[in-house]
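Chain and residue survey
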Amino acid sequence: MNESTYLKVGEKCERCGTERVEITHATLQKMQELRPNIRSIPYSIVNEGRDLYAICPSCDAYALGADLVQPFPFKDKFGSIKTIREY
Ligand SMILES: [Zn+2]
């Protein structure tokens, strides 16, 4: 995947068809402390250091903390804050 194919929140993941959700840069940094393999955000985008990132909650369920006691929060396309457990 390169930057030109990087999708926005609410757009369907090209791999699984799940609509993308939004995480903040602070959340991404916390996620990265666990060294996940983030599959739906290109490395070049992560390195850019954006304020917000669109991530696929299905492809990156583990990166979003699916198996953690406290999963990471994200916003869906309607603006509701959720975690992967509620999704
Ligand atoms: Zn996906």
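Residues numbered from 1 in each chain as written. Predicted model: local features only at pLDDT ≥ 70, side-chain atom pairs only at ≥ 80, totals over all residues. Heavy atoms only, no water.

Moving on, we get to the overall build of the chain. Scanning the chain for helices and strands turns up two helices and four strands. In terms of overall size, the chain behaves like a compact globule, its C-alpha atoms giving a radius of gyration of 12 Å where 87 residues would be expected to give roughly 12 Å. Looking at the 87 residues of the chain, the share that counts as buried comes to 37%. By sequence separation, contacts in the chain at least 24 residues apart represent 51% of the contacts at least 6 residues apart. Counting every atom, the chain has about 5,400 Å² of accessible surface; 47% of that belongs to carbon and sulfur. Within the chain, one finds 12 positive and 12 negative side-chain charges whose respective centroids are separated by 3 Å. (Helix = DSSP H or I, 4+ residues; strand = E, 2+ residues; numbered from the N terminus. Rg over C-alpha atoms; globule rule 2.2 N^0.38 Å. Buried < 20%, exposed > 50% of the residue type's maximum accessible area, 1.4 Å probe, protein only. Contact = heavy atoms within 4.5 Å. Areas by Shrake-Rupley, 256 points an atom, 1.4 Å probe, with all protein chains shown as cover. Lys, Arg positive; Asp, Glu negative; His and termini not counted. Charge placed at Lys NZ, Arg CZ, Asp CG, Glu CD.)

With that settled, consider unusual backbone geometry. Located in the positive-phi region is Arg35, a residue other than glycine, with phi close to 50 degrees. The residue Arg35 is located in the loop between α1 (25-33) and α2 (43-48) in this model. With relative accessibility at 74%, the residue Arg35 sits in the exposed group.

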